[in-house]
Every structure is written in structure tokens, then in C-alpha cells.
Amino acid sequence: MHSPAADIARRLAEDAEAVCRHYLTNGRKQGRYWIVGDVQNTPGRSLYVRLTGPNSGLGAAGKWTASATGQHGDLLDLIALNMGITTLRGTLDEARRFLSLPQTDRHRANNPPASRGSPDAARRLWAMGQPMSGTLAERYLEGRGLTGLGNLDSLRFHPNCFYWREDHALNDPPETWPALLAKVTDLDGRLTGLHRTWLDPATSDKAPIIPPRKAMGNLLGHGVRIGKPVSVLAAGEGLETMLSLHLALPKLPVVAALSANHLAALQLPADLRRLYIAVDADPAGLSAADQLAFRARQVGIDAIHLSPRLGDFNDDLRANGRDELCAHLRPQLAPEDAVAFLDHADH
């Protein structure tokens, strides 16, 4: 007799390509395989998922191998690793949700739907996002001077993201708007939350709702990360602020903490040597930058403020352009970092 896990793994394998298109959106079909960087959906060519083949044995559909790490398994294993699920029961629940299968009463009792705003809900919403390139989300960023960012793996697009107004009645259905999704992670790269910016298809700007941005999940100490810091990192509040800094200094790892309070409490990598803090020119931003700098210096990290000409670095980028932003940043950087991150920037 087949176990429930084996039966669900078989059903997943029967439509392996649909599974890959849902959970591994940064990959692509190539012949009989779906190819992507890893189980976390990083762009690349190290993970191979077989899309066709027998139900079991050598060359079975749904079997995958990660050449960079030696990991391998079936589609249930892939879903668990992709979603950060640590139990078989939770993995089966997620697979049933994908397959639209009924859940058992026991599963319903022990694994209720993820509560709205929880890290589990954030992981599920992120899994439903799609690559940003060519979407309304990319056009929105381009309208803010942020060009060429469509392939960042920390950003995705959702065409119909739920939105509950602050004054909605208990039984009112949510509205749906397209949204830019930004992945919030901890120092180990684990997804802890999401930041959503709802968009208006008619204008390619923020949707006409208040507020047009919300975050969900566990945010304190974490952030939206671009690049992996080795010894130098730049941190700031807003997503567009730090994307602007990334555009000017594409080799400098950056993290957006998403608010002044969260910037002040940002967790710092243990091997960090220098921290640049992008300062928002308002009292809350200045206070947060000072608090983070104090914490960094207490553990031996060199902390340097980066100050914009206007309110923040996205304001600077939109008003003056990338080259002028680079020129404004140069004297604020340590000389060796100016050489490493500006003189070798991709213009």
C-alpha cells in the first residue's frame, strides 16, 4: 500500500513542470529538465529537475539534483526546502494546497491556514510571486529612476495581491491589486517576512489606496538584502532608497530595514568591518542612523553616515541622475571603498 506521501509525490511528478513554474519561477525549461540555481529559487544553472520519465526508479519524473551542493530528492523534498517547511505534515499540507486536494480533518486541526501577516503567510505569498522582469513592478521602479533591476532575486511581482483596507468590515472580501514584493530575510538568508507595494496598472505608480505599502511577517532585525556582505555593508530605511544606492554602487551589498525603528535594531553580520548608513533627512531617520552607528561601533565596526542632498537617495537619483549621485557619494566613502565600489561600478 502506498503511503500518503508517496501518493502526493506521484501526483506532483505527473505535473512536474507546473510545480517548477510555481515554486522555481527564476528557472527555465530546457529539454526534459527545469533548470535553476538552487531550491531557494536563486537564478542560475545548478539545480536540475527532471520533467518527464517513469513513475519511479532511474530517471523518474520529479527527481532533482543540485550539482553545487549534492542535494537531491523528489518534489516533496523540493517544496519543503523552498518554503522552509521542517515537518512532513506541513510539507504535505503545502503540496495538497498546490494540488487543490482536500486536507484531512487531522491536518486541518493541526495545521490551520497561515494567519494573515505571519511569516508562513509571507512564505506562501512569496512562492506565488513571479519574476519582476517585464512586469508592472519593473515599470514602477523605472518610473522612480531605478532601471535595470528586473532580475534581482529579492524582488518579485504578484498580479493580484490581496489588500484589506484599514476600515474593512469583518466579512468584506479583500480588494486585489498588482504588487511589488520584496523579500525580508535574516542573516542566514531565511525568509522572515515580505514588504508589499501595491500598484496601479493605469499609471504604473502606487495604487490609490492608503497606505499603499504594508509589511508582513517577522521584520525586527531583518531586511531586504541585495548582495552578500563580506566585510562591508550599506544599510538604510526605504526600499527605493537602498535600490538607488545599489544602482550607484552595484558591487556594494545593501539592506533595506523598511523603517527607522527597524534600522536602529538591524542585526549586523559578525564579520562586518565597515557599515555605511544611508541617512534619511528627517528626525526619525537621523536618530535611527545614530543608534545603529552607536551599536556598530560598540562591537568594533567602523560606521559611516551617507547623507543625501535631498530627503533620501531616491530623491537624489530622480532629481540629478546616477552619475551625479555617484559623484556625491565618492567623498563620503572610505578611499579604498571608492576604488572598489565606484571606480569599478558597471556604468
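Note that this is a predicted model, so its numbers are computed, not measured.

Colleague: Tell me about the nonpolar core, residues and numbers included.
Modeller: Across soluble globular proteins, nonpolar side chains show a tendency to be buried alongside one another. Counting residues in hydrophobic clusters, the biggest one holds 43 residues, and the most contacted among them are Leu155, Leu180, Leu243, Leu245 and Leu249. With six residues, helix α8 (residues 239-248) is the largest single contributor of residues to this core. Not counting the four nearest positions on each side in its chain, Leu155 is found in contact with Trp126, Met132, Leu141, Leu180, Leu181, Ala182, Leu239 and Leu243. If you look at the next biggest cluster of nonpolar residues, it comprises 25 residues, including Ala16, Cys20, Leu51 and Leu76.

Colleague: Tell me about the sheet that holds strand β4 (residues 64-66), residues and numbers included.
Modeller: Sheet architecture is open: five strands sit in the order β1-β2-β3-β4-β5, paired in antiparallel fashion. One side of each edge strand has no neighbouring strand; the edge strands of this open sheet are β1 (28-30) and β5 (72-73). Pairing of β1 with strand β2 (residues 33-36), which is carried by three bridges, proceeds in the antiparallel orientation. Paired with Gln30 across the strands is Tyr33, a residue of β2. Docked against the sheet, helix α2 (residues 16-23) engages β1, β2 and β3 (47-50), running at close to 15° with respect to β2. Strands in contact with helix α3 (residues 75-83) are β3, β4 and β5; relative to β4, the strand with the most contacts, it is inclined by about 45°.

Colleague: Break down the domain arrangement of the chain for me, with residues and values.
Modeller: Parsing the chain into structural domains produces domain 1 (4-100), domain 2 (118-217) and domain 3 (220-346). Computed over C-alpha atoms, the centres of domain 1 and domain 3 are 37 Å apart.

Colleague: Any details on the pattern of salt bridges? Residues and values, ideally.
Modeller: Under the counting rule described, the total for this entry stands at 16 salt bridges. A salt bridge links Glu17 to Lys29, with the nearest nitrogen and oxygen atoms 3.3 Å apart. Taken together, the residues Glu17 in helix α2 and Lys29 in strand β1 connect sequence positions 12 residues apart. Of the residues examined, Glu17 reaches a relative accessible area of 23% and is grouped as partly exposed. Between Asp188 and Arg190 there is a salt bridge, with the nearest N and O atoms lying 3.2 Å from each other. Across the pair, Arg190 and Asp188 agree in class, each one exposed. Each member of the salt-bridge network shares a partner with another, and the members are Arg274, Asp302, Glu336 and Asp337.

Colleague: An account of the UniProt feature "domain: Toprim" (unreviewed entry) in the chain is needed here, citing residue identities and associated values.
Modeller: According to UniProt, the feature "domain: Toprim" (unreviewed entry) maps to residues 233-323 in the numbering used here. Between the end C-alpha atoms of residues 233-323 there is a gap of 21 Å, over a span that is 45% helix and 19% strand.

Colleague: Provide a residue-level description of the packing of α2 against α3, including the pertinent values.
Modeller: Contact geometry of α2 with α3 gives a least axis separation of 11 Å together with a crossing angle of 5°. The orientation of α2 with respect to α3, classified from their angle, is roughly parallel. The segment α2 lies against α3, with Ala16, Val19 and Tyr23 engaging Leu75, Leu78, Ile79, Asn82 and Met83. Split into classes, the residues belonging to the contact of α2 with α3 amount to seven nonpolar, one polar and no charged.

Colleague: Just give me the short version of α2, but keep the residues and values in it.
Modeller: Three- or four-residue spacings in an α-helix give side chains the same orientation, since the helix completes a turn every 3.6 residues. Looking at α2, one finds that the buried residues are Ala16, Val19, Cys20, His22 and Tyr23. With its buried residues spanning 165° around the axis, α2 presents them on a single face. Its buried side turned inward, α2 meets α1 (4-14), β2, β3, α3, α4 (88-99) and α6 (119-128).

Conventions and cut-offs
Residues numbered from 1 in each chain as written. Predicted model: local features only at pLDDT ≥ 70, side-chain atom pairs only at ≥ 80, totals over all residues. Heavy atoms only, no water. Core = buried A, V, L, I, M, F, W, Y, C linked by side-chain atoms within 4.5 Å. Buried < 20%, exposed > 50% of the residue type's maximum accessible area, 1.4 Å probe, protein only. Helix = DSSP H or I, 4+ residues; strand = E, 2+ residues; numbered from the N terminus. Contact = heavy atoms within 4.5 Å. Pairing = 2+ DSSP bridges. Axes fitted to C-alpha atoms, helices over the stretch in contact; angles between N-to-C directions. Domains from an automatic or database assignment. Salt bridge = Lys/Arg side-chain N within 4 Å of Asp/Glu carboxyl O. UniProt positions renumbered as here; feature names shortened; annotations may be inferred. Parallel < 35°, antiparallel > 145°, perpendicular 65-115°, else oblique. Nonpolar A, V, L, I, M, F, W, Y, C, P; charged D, E, K, R; others polar. Arc of directions from axis to C-beta.

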